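Per-entry structural report
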Amino acid sequence: MAMVILVTLLLLMRCSGANDLAIFEKTLYKAFECSYDKGLSTLKIENGVTDEQIKECLKTYEYTEQLMLWHSHLSNIPKYLNILRYLVHLDLSNNDITEVTFEGIEGICQQLTSLSLDNNDIEALRKGDLDCLQSLQYLYLGNNKLKFVENGTFSVRMKSIRYIYLVNNSLTVLDLSLLSKLKLSDDVRLIVNASRNFITGITNSANITIQDFTPNTSVGIVATHNNITTANIKYYFEMLNISNPVQLYRLWNCGFDVRFNPLICDCAMFPLADALKTFRHIDADNPLFSVTCGSPSSLEGMMLRKVPKNQFNCSVDVNCPNKCICNKTAALDLVTIRCDGNYFESNIPMTCPVARKININIKSNKLTKVSSRAYLGNVSQFDVSQCAIITIETSFVDMIQNTTFDALLFNDNGLETIPKSFKNFNFSNGQVLTLDGNPFNCDCHTRWMKSWLHSNKKHILRQNNIRCATGPGKNKPIIEVPDNLFICETLTNTDEVLIVIGSVIFVALVFIILCYKSKNIQVFMISHFDICKYCCRRRKLRKLSFDIFIPHSCEDDDVVNKIVDYLENHDPPYSVCIGEKNFKPGLTISENILDAIESSQTTLLVISNNFLRSTWCNMEFREAHMRFLRDRNINMVLIVLEELDTKIICKELKIYMDTHVYIQYTDNQFWAKLLQSLPIITDPPLFTDESPLFSN
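Residues numbered from 1 in each chain as written. Predicted model: local features only at pLDDT ≥ 70, side-chain atom pairs only at ≥ 80, totals over all residues. Heavy atoms only, no water.

1. Comments concerning helix α14 (residues 589-598)
N592, I593, A596 and I597 are the residues of α14 that are buried. Along the axis of α14, the buried residues cluster in a sector spanning 130°; they form a single face. (Buried < 20%, exposed > 50% of the residue type's maximum accessible area, 1.4 Å probe, protein only. Helix = DSSP H or I, 4+ residues; strand = E, 2+ residues; numbered from the N terminus. Arc of directions from axis to C-beta.)

This is the structure:
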């Protein structure tokens, strides 16, 4: 027992500092091992506590060709490896190495043929770190923390490399600079294993092109169990400068294993799937032909090459109409556009994604008109049934004429008539049109529809449900109404006069309502006609001590004084509260602010960068905003003096400005907009003994 304590104390004395103490604690119960296999010329060192121990062992077996130096808490590649002048295989696995550098041992570095750094703490490889490894054939870097490999790390100087092991790291991209030796020879053998990382794609900082490969090149890249979700063929063709698929013969002996990745089998994957299906017979054992889908759920686990062509779909955002969903089926070059009740436009979309075929399906009671659009030339199915359409413009008919559409569905809308240009419409085989469920007017203007329907029975479906909603043939199918019942009524002179008078009255009422409701019209009227300063604005009785409280920065007094002067000289004048004039002595600033806000009908905040930098001003906004939220009868108006620094705008003010209209001081119509935002405040009537209220 005493001997154990003595040994322990001696070891503690040799340790210097906390790090050595930590190492000592880890290795206290692990025996130092220095064993040599003469037949294999292999030296194995484990659990080295101090450099002196390890050096002594190395000196004893200085002719070693293979060194395994494990579990010795090395933080870098030690310079004392120079002792082994004949070293060609170096294994420093299971240490604490954080960086790879061969400074001071370049001689050893140049003769190494294999280097193992598995199970260390390496996070990055930098350009130049590996340049001296000119004879290296095998490099093992598995189970590290590798996140970053700088471009140029695997340069052409590593001309002998045959195998790079990067399994179980934290890489997010795989760069083709790993294949730099392709620049040196036509006969290259190289495997890169980067399984079980977080790789999402491939980059090419070394500008490797298809010309660097030959049929003799044998390169294998293993990237299984990563985060690869797609394989954009166009992107990789451009990256490798592939202009013709025939050039792919140069990759005859190359392989790329991406099995067990969460591949999204959408339209971007269709070209790869189509190629795999076409060329599988050439190399059926290639792992690429066994790649499976990770999503969507309906395709999960299915081999990519076996997915039906019409299942390769993806969403499209470019030119997709607002509030609509656009999906592309790559194999058919088809875009399907679906717009539901959230589509609030009155006409069909102006644009849509580009495709050889387009299917449009709109279901919205806001859709009332169908006009011509450039994309209609590619429409295959045009379904606007069950909407509220009352007008089909002639330009639409002209546009769709002679196209290769399959179906035009207008059933169950509000059509009372359709353009007469349909009469000359030439349907092709298989083309169909639906018009049933519309309230057609059967008069002299729609008589042509009867013969038109008869002559196109194969193309215009459900003709027995295309019925009259008005006229003598009401509720009957149009094709059954006698020709003499398609009549038009004529107006008398009295009817015409009444229509004119009614129209004038209607227009006048609409104008008056617009003047009252529309803020833009109100501002225009106020700025151009003095009388409208009174007739186009709300009125309120004075109930509080002040009409307006103006929170502002004292550095903006010049502007605020102009505003105060304008308001106090208004007819009737406003009672304005500003801090320096109206705050009550004896109260704190915060108490005065709260009192001013609660005592004013309107809080008129003058916002500037000076305001935003003031703690008191920000408090004034918050209190005013809280009162505005509590009582919507209280008015809050914002005047913005200048362009604001977005970095100093508080969150509440930013949200308010994003969702409410404010007034720009630099606006040419500033004063009109200011008046439009403020009610006219008048004193309540005074009741006296002679008032009718108190009279007998």
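2. Brief notes about the pairing of strand β20 (residues 379-383)
Across the 5 residues of β20, 4 count as buried, placing the element largely inside the fold. As paired elements, strand β18 (residues 357-362) and β20 share 4 bridges and run parallel to each other. Bridging from a neighbouring strand, I358 pairs with V379 of β20. In the sheet, β20 pairs with strand β22 (residues 407-409) via 3 bridges, with the strands oriented parallel. Bridging across to β22, D383 finds its partner in L409. (Pairing = 2+ DSSP bridges.)

3. So, the environment of N319
Note that N319 resides in the loop between β15 (313-315) and β16 (324-329). Taking the relative accessible area as the measure of exposure, N319 reaches 39% and is therefore partly exposed. Between the alpha carbons of N319 and C352 there is a distance of 5.0 Å; along the sequence they are 33 residues apart. With sequence-adjacent residues up to four places away left out, N319 is seen in contact with T351, C352 and P353. (Contact = heavy atoms within 4.5 Å.)

4. Some points on the layout of surface pockets
Of the volumes computed, that of the largest pocket is approximately 1,500 Å³. Contributions of two or more residues to the lining of the largest pocket are made by β13 (218-222), α5 (233-239), β14 (255-257) and α6 (270-279). At 5 residues, the largest contribution of residues to the lining of the largest pocket is made by α6. For the lining of the largest pocket, a count of residues per class yields 36 nonpolar, 3 polar and 1 charged. (1 Å grid on protein atoms, 1.4 Å probe; cavity = no way out; pocket = protein on both sides within 12 Å on 5 of 7 lines; lining within 4 Å. Points joined across faces, edges and corners; volume = space filled by probe spheres on them. Nonpolar A, V, L, I, M, F, W, Y, C, P; charged D, E, K, R; others polar.)

5. With respect to the sheet that holds strand β1 (residues 33-37)
What the 10 strands build is an open sheet, ordered β1-β2-β3-β4-β5-β7-β9-β11-β13-β14; its pairing is mixed. With partners counted over all chains shown, the strands left at the sheet margins are β1 and β14, one partner each. On average, each strand axis in the sheet is tilted by 5° relative to the strand beside it, whichever way the strands run. The pairing of strand β4 (residues 89-91) with strand β5 (residues 114-116) spans 3 bridges and is classified as parallel. (Axes fitted to C-alpha atoms, helices over the stretch in contact; angles between N-to-C directions.)

6. What about the sheet that holds strand β26 (residues 546-549)?
Across the sheet, 5 strands lie side by side as β27-β26-β28-β29-β30; this open sheet has parallel pairing. In this open sheet, the two edge strands, each paired with only one partner strand, are β27 (576-577) and β30 (663-664). In the sheet, strand β28 (residues 600-607) pairs with strand β29 (residues 635-640) via 6 bridges, with the strands oriented parallel. Looking at β29, one finds that L605 is bridged to L638. α14 rests against β26, β27 and β28 of the sheet, and its axis sits at about 120° to β28. Strands β28 and β29 of the sheet are contacted by helix α17 (residues 651-659), whose axis makes an angle of about 95° with β29.

7. Focus: the nonpolar core
Counting 77 residues, the largest nonpolar core has L58, L67, F102, L166 and L304 as the members making the most contacts within it. Of all elements in the fold, only β2 (42-46), α3 (51-60), β3 (66-70), α4 (106-111), β11 (189-193), β13 and α6 reach the threshold of two or more residues within this core. Per-element tally for this core: the top contributor is α6, with 4 residues. Contacts of L58, omitting those with residues within four sequence positions, involve L43, I45, L67, Y80, L81, I83 and L84. One finds V384, I392, C468 and I478 within the second-largest nonpolar core, a separate group that totals 50 residues. (Core = buried A, V, L, I, M, F, W, Y, C linked by side-chain atoms within 4.5 Å.)

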